[in-house]
Amino acid sequence: MSPGPINRRTLLTGAAAAAAGLALAGCSSDDSPSAAGTAGRKPGEKITLAFWSWVPGIDKAVDLWNSKNPDVQVKLEKVIAGSKGAYPKMFAALKAGNPPDLGQVEYQQIPAFLLEKGLVDLTQYGINDQAGKFVDWQWQQGSFGSGVYAVPQASGPMGMYYRTDRFKAWGVQPPTTWAEFETAARAIRKADPTSYICSFPPTSGGWFSAMAWQAGAKWFDVRGDDWVVTIDSPETRKVASYWEGLIRADLVKPEPDQQSGWFSEVQGGKIGCWVAAQWGDAILTGNAANTAGKWAVTQMPQWDKAKPSSSNWGGSSTAVLNGSKYPKEALEFAIWLNTDKASVDLLIQGGYGWPAAKDAFTGSALDKPSAFFGGAKYNEVFAKSDQLIDKSWKWIPTISDTYRHLGDAITAAIANKTSFGDAIATVQRQTVADLQAKGLKVATG
Amino acid sequence: MRRHRNLAVLALLGPFCLLFAGCFLAPIGYAIYQSLLKVERSGPLGLGGDKSVFAGFANYSAALRDSEFTGSVLRVLLFGVVQVPLMIVLSVVLALLLESASARWVPFFRSAFFLPHGVPGVIASILWGFLYVPGISPIVRLLDGAGLQVDFLSSGTVLWSIANIVTWQFAGYNMLIVISQLKAVPIELYEAARIDGTNAWQLARYLKLPMARPAIVLTTVFSIIGTLQLFSEPLVLRPLTVAINDTYTPNLNAYTQAFVNNSYNLAAAEAVLLALVACLLSFGFLRLVGRQGDE
Amino acid sequence: MTSTPLRWRIIVSSLLAVAAVYFLIPVYWLVLAATKDTTGLFGSNGFWLADPHPIRYLRMVLSYDNGIYLRWIANSLLYAGVGALAATLLSSAAGYALAKFRFPGRETVFNIVLAGVLIPATALALPLYLLFNKVGLTNSYAAVLIPSMVSPFGVYLCRIYATAAVPDGLLEAARIDGAGELAIFRRIVLRVMTPALVTVFLFQFVGIWNNFFLPLVMLSDQKLYPVTLGLTSWHGYTDRAPILYQLTVGGALLSVIPLMILMVVLQRHWRTGLTQGSLKD
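Keep in mind that this is a model prediction, so the values were computed, not measured. (Residues numbered from 1 in each chain as written. Chains lettered and ligands numbered in written order. Predicted model: local features only at pLDDT ≥ 70, side-chain atom pairs only at ≥ 80, totals over all residues. Heavy atoms only, no water.)

Participant: Give me the overall build of chain A: which residues, what numbers.
Facilitator: Within chain A one finds 16 helices and 14 strands. Against the compact-globule benchmark of 22 Å for 445 residues, chain A has a radius of gyration of 23 Å, which places it among compact chains. Projected onto the principal axes, the alpha-carbon positions of chain A cover approximately 70 × 50 × 45 Å. Considering chain A as a whole, with its 445 residues, one finds that 60% of them fall into the buried category. In chain A, once contacts between residues fewer than 6 apart in sequence are set aside, the share between residues at least 24 apart is 76%. Accessible surface, chain A: about 16,600 Å² in total, of which carbon and sulfur atoms supply 52%. One way to put it: in chain A the 44 positive side-chain charges average out to a point 2 Å from where the 42 negative ones average out. (Helix = DSSP H or I, 4+ residues; strand = E, 2+ residues; numbered from the N terminus. Rg over C-alpha atoms; globule rule 2.2 N^0.38 Å. Buried < 20%, exposed > 50% of the residue type's maximum accessible area, 1.4 Å probe, protein only. Contact = heavy atoms within 4.5 Å. Areas by Shrake-Rupley, 256 points an atom, 1.4 Å probe, with all protein chains shown as cover. Lys, Arg positive; Asp, Glu negative; His and termini not counted. Charge placed at Lys NZ, Arg CZ, Asp CG, Glu CD.)

Next comes the structure, spelled out in structure tokens:
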């Protein structure tokens, strides 16, 4: 926010003086907010970088760094994932001028952070020399214009997790196309009325966008200085009406995923499969340990088997937040964290997703048989899935709004039995309005 | 002497007034100021720079035209219209029962009813959340066993599930305030009524209830204000259900606008509108009961 | 006392018992749940025991993440204790001044403060955050403590109480004896007003302890969290670390017990101040 006129200043100073004068001595926090000064580290100076992340197992990688770098220590703070916790906190800290040096920022959120001037352009610290270490399309997620604002960490190529034992019990083959998926869903309902092939998460915008992404939709683009929004496209409508049909016929269960109720159904085998990203493996192994050995993974069902395609759900970067006193060291850590072989191996064990580091699959912890998935090298599925993703997908700065609108519109459509297609049209309209409300330009037509 | 008194007033009243100005007046003024600005940007990611400019009442009209915001206000109003009277009636009934001559084990019951007030709203919500989620909730399981299929978290029921959490937390507290009011009634009044042959029902209806009136007014005003502030309950229950979104209540809406969407100006306008509604309702209610009291 | 008919006693007792079940069931569930691990929480009957290990699980709560839980409890005590104490003192001084001194603008001040009672604290939290942010106070103990020290309701209560309970004669006598105004306040007024002060203190203590929005908005450093915010952060992290389900439940029980005991023990004080003061109109 830009500084305001004098009268407000005086008012504020008065209030501040009042507040500060009465603040009990010794009650203020020990680290005073730093102005965005980037004095940098003096040679030999011991510094500590603050790092906010929610990735499971990342603490081990941080420990490894700390054991090797006594002078540049990283202090990890675990935060609630995404817009339910981490981002509000980061935005607030950015406003307050005391953000952590490093933050976990998902790809779809990078534009929103840029809009708030929350990220450091890392090209001034030589990040371009590192470009070759990363998968190109993930690298692109953090590149805007001539700047690079994030160190890619991992993505979420999609696949289908399914319970081999349950499918066998139901006498149903795991589907390979969306048409088969519907048939299988119907057969499962017939075989066991208490079970469903899967749940439909009405409020998960990320999941739904991945579904549209696979079908060939491309929601956002930039033309000159203008945004182009094409959420309401034939591809998105195809996906929407497909799921609408499944829900109407009571073939899938509309409920939030990755929540206590859902976990208890996954554990109890009341849900047969989960079309989800590679990082879903950690969620399943962590929350349904009692089902070990009963799972398998395959490609997500296809719209057209002749033209196989996949998509991406989530994925995130390590970004240096604007206000860090030691951006150079922070970048050094971020590069190490996401490319060092030992570090990446630790992150893989924690289940951080699909590595953004090049050639991290072969020979890594990913490339091993897993007992949880029936002894299969299940990540081969995701390696292939990764090849089938349309890599030109872009994100807008108001994506949280779009996700919320999507959740609301679809929830309402389910409750009121109205068309999902109309819901998509609504979201399109709302998204355009969101961008304009942010003072951004949107190309119409 | 006079000057001494004035200095004393300054010393006694000054510190509070200073803090009050800093924590109440200044934020209100600042919110009003912020609500009149908007941000203009250039370039698709605002990398071309941005500036705050005067926007008039644009944020207010945006908030009022935003169906999510108006919807959230209407939602808490509906909530208040149902939950506040229900809770107050429950509190008064419990107070009258405990204060009736027929009650036994009064200290135990009073403590049991008051106990939940020691549970903070977020923790109460976490707790009830477990009792609402199908598959975990023993209550859902019991009802299921009795042939009742209840979904506490559906879009039709979740508002009342929240109402239950609030009632659970505050009914006993409001009851205690009513009881304290009843205790202030001189005992002779009860004795006189008893000698006149008044029965327990009449005693409660025509003597105790009018006596408890000030306490009922006070608790009602606080409940109205509390209703408009609904935040932590929907925040905690949100992940468990599709029926609650980030803009479910006005407070949640303003929080989302400010901290998730970084639309501070809009959030400020919403905060100002919310404070206005709260003041209008509370004053309106006080005026209403004040007028009735005069008759 | 004449005994009431048995029929009435049965009806009243059953109604009270039903209400007690309603108020106590979640507490009963919480106590049982704290003895279970995450698997037990999801897989067992919530109203019965399943492989209970209360001590082990509660120790896990205390030791998780280098014992951050105890720090949260300490923070909560600090915020609520210091905040409520300061609020009580400030309110009593202001309430007394408004009650017993005549000065221009007295009613205006009182009315503005009264309006402050009616403004939702959460509507203030956002602009307050922006303001504190300008002066670099966010994310500090002071960010939560300073607003907690202001209780318009306390001033309202203290004024009414002081009007009713502090005799003018006593003040005059003290003044004739040559006592200074502040000494009178400290030695006489505070003593007379004790019942109201206890009420204001408790009211504010619980208000701060239960407050969630203000710390949520103001704080980003986990070490500064009060226990409400801390437990919510655990709860929000459960899908990544399922063990946090059981820690959240155990932590909730531990945090709730002391306050519930305090509530029950101090019930009496909730009313004295209120009845003798505000509610007599």
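Participant: Can you explain the interface of chain C and chain A? Please cite residues and give values.
Facilitator: Taken together, the contacts link 31 residues of chain C with 36 residues of chain A. Counting each side, the surface lost to burial between chain C and chain A is near 2,800 Å², with a carbon and sulfur contribution of 62%. Counting across the chain C and chain A interface gives 0 salt bridges. Counting across the chain C and chain A interface gives 6 residue pairs in polar contact (both at pLDDT 80 or more). When residues of the side of chain C that touches chain A are traced back to their parent elements, those giving at least two are helix 5 (121–134), helix 6 (141–148) and helix 12 (227–236) of chain C. For the side of chain C that touches chain A, a count of residues per class yields 15 nonpolar, 11 polar and 5 charged. (Buried area = accessible area lost by both parts, 1.4 Å probe. Salt bridge = Lys/Arg side-chain N within 4 Å of Asp/Glu carboxyl O. Polar contact = N/O pair within 3.5 Å; in protein donor to acceptor, adjacent residues only side chain to side chain. Nonpolar A, V, L, I, M, F, W, Y, C, P; charged D, E, K, R; others polar.)

Participant: Let's hear about the pairing of strand 9 (residues 226–229) of chain A: which residues, and what values?
Facilitator: Residues and elements named next belong to chain A. Of the pairings in the sheet, the one linking strand 8 (residues 220–223) to strand 9 comprises 4 bridges and is antiparallel in character. Bridge pairing in strand 9 places V222 opposite W227. Between strand 8 and the antiparallel strand that follows it, strand 9, lie 2 residues; G224 among them carries a positive phi value of about 65 degrees. (Pairing = 2+ DSSP bridges.)

Participant: How would you summarise unusual backbone geometry if you had to cite specific residues and measurements?
Facilitator: Look at N262 of chain B: it is not a glycine, yet its phi comes out positive at around 60 degrees. Relative to the helices and strands, N262 of chain B resides in the loop between helix 12 (250–260) and helix 13 (264–294). In this model, D65 of chain C sits at a positive phi of 55 degrees, which is unusual for a non-glycine residue.

Participant: Please provide a residue-by-residue account of the pattern of salt bridges, values included.
Facilitator: Throughout the structure, instances matching the rule amount to 28 salt bridges over all chains. Across the salt bridge formed by D59 of chain A and K78 of chain A, the nearest N and O atoms sit 4.0 Å from each other. Placement of D59 of chain A in helix 2 (residues 58–68) and of K78 of chain A in strand 2 (residues 72–78) is noted, with a sequence separation of 19 residues between them. Look at D59 of chain A and you get partly exposed, because its relative accessible area is 29%. For K100 of chain C, the salt bridge identified is with D168 of chain C, shortest N-O distance 3.0 Å. Taken together, the positions of K100 of chain C in helix 3 (residues 54–100) and D168 of chain C in helix 8 (residues 168–176) put the pair 68 residues apart, joining distant regions of the chain. The exposure class of K100 of chain C is buried, given its relative accessible area of 17%.

Participant: Before we move on, can you summarise the interface of chain C and chain B with the specific residues and values?
Facilitator: Taken together, the contact between chain C and chain B spans 94 residues of the former and 95 residues of the latter. Interface of chain C and chain B: buried area, both sides summed, is about 8,700 Å²; carbon and sulfur atoms make up 81% of it. For the pair chain C and chain B, the number of links is 2 salt bridges. Across the pair R5 of chain B and E181 of chain C runs a salt bridge whose closest N-O atoms are separated by 3.3 Å. In this assembly, chain C and chain B are joined by 3 residue pairs in polar contact (both at pLDDT 80 or more). Residue contributions to the side of chain C that touches chain B peak at 16 residues, all from helix 1 (residues 6–33) of chain C. The class makeup of the residues in the side of chain C that touches chain B is 70 nonpolar, 16 polar and 8 charged.

Participant: Lay out the packing of aromatic side chains in plain terms, naming residues and giving numbers.
Facilitator: Per the counting criterion, the structure on display carries 79 aromatic pairs over all chains. The rings of Y161, W262, F263, W274, W279, W295, W313, F372, F373, Y378 and F382 of chain A are connected pair by pair, giving a single aromatic cluster. We note K95 of chain A situated over the ring of Y264 of chain B; from NZ or CZ to the ring centre the distance is 4.2 Å. (Phe/Tyr/Trp six-rings, centres within 6.5 Å; stacked < 30°, edge-to-face > 60°. Lys NZ or Arg CZ within 6 Å of the ring centre and 35° of its normal.)

Participant: Requested: an account of the state of the cysteines, with residues and values cited.
Facilitator: Residues and elements named next belong to chain B. In total, this model carries 0 disulfides over all chains according to the counting rule given. Free of any disulfide, C17 has its nearest neighbouring cysteine sulfur in C23, separated by 13 Å. On the basis of relative accessible area, C17 is assigned to the partly exposed category, the value being 26%. (Disulfide = S-S within 2.5 Å.)

Participant: Pulling in residues and values, what's your account of a nonpolar patch on the surface?
Facilitator: A cluster of nonpolar side chains, namely L74, L77 and L281 of chain B, defines an oily patch on the protein surface of about 240 Å² accessible area. In this structure, L77 of chain B sits in helix 3 (residues 67–99). (Patch = residues over 30% accessible without salt bridge, like charges linked within 9 Å, V, L, I, M, F, W, Y side chains within 5 Å.)

Participant: Before we move on, could you go through the domain arrangement of chain A and cite the residues and values that matter?
Facilitator: All names here are of chain A. Examined at the domain level, chain A breaks down into domain 1 (45–155 + 314–367) and domain 2 (203–252 + 398–445). Taking the mean C-alpha position of each, domain 1 and domain 2 sit 29 Å from one another. With 5 residues of domain 1 at the contact, the number on the domain 2 side is 6 residues. Regarding the contact of domain 1 and domain 2, the summed buried area is about 470 Å², with carbon and sulfur atoms giving 68% of it. Of all residues in domain 1, Q108, Q109 and L115 bury the most surface against domain 2, accounting for 65% of the area lost on that side. Taken together, the links from domain 1 to domain 2 amount to 0 salt bridges. (Domains from an automatic or database assignment.)

Participant: Can you explain helix 10 (residues 260–267) of chain A? Please cite residues and give values.
Facilitator: Residue and element names in this part refer to chain A. Of all the 8 residues making up helix 10, 7 are buried; the element is thus mostly covered by neighbouring parts of the structure. The complete set of buried residues in helix 10 reads S260, G261, W262, F263, S264, E265 and V266. One or two positions beyond helix 10, positive phi appears at G269, with a value near 70 degrees.

Participant: Which residues make up the packing of helix 3 of chain B against helix 10 (residues 213–228) of chain B, and what values do they have?
Facilitator: Residue and element names in this part refer to chain B. Two elements in contact, helix 3 and helix 10, have axes separated by 10 Å at closest approach and are oriented at 145 degrees. Helix-helix and strand crossings are classified by hand; for helix 3 and helix 10 the assignment is right-handed. Together, V76, F79, G80, Q83, V84, M87, I88 and V92 of helix 3 and I216, T219, T220, S223, I224, T227 and L228 of helix 10 make up the contact between the two elements. Across the contact of helix 3 with helix 10, the residue classes tally to 9 nonpolar, 6 polar and no charged. (Axes fitted to C-alpha atoms, helices over the stretch in contact; angles between N-to-C directions. Left-handed = near helix turned anticlockwise from the far one by under 90°.)

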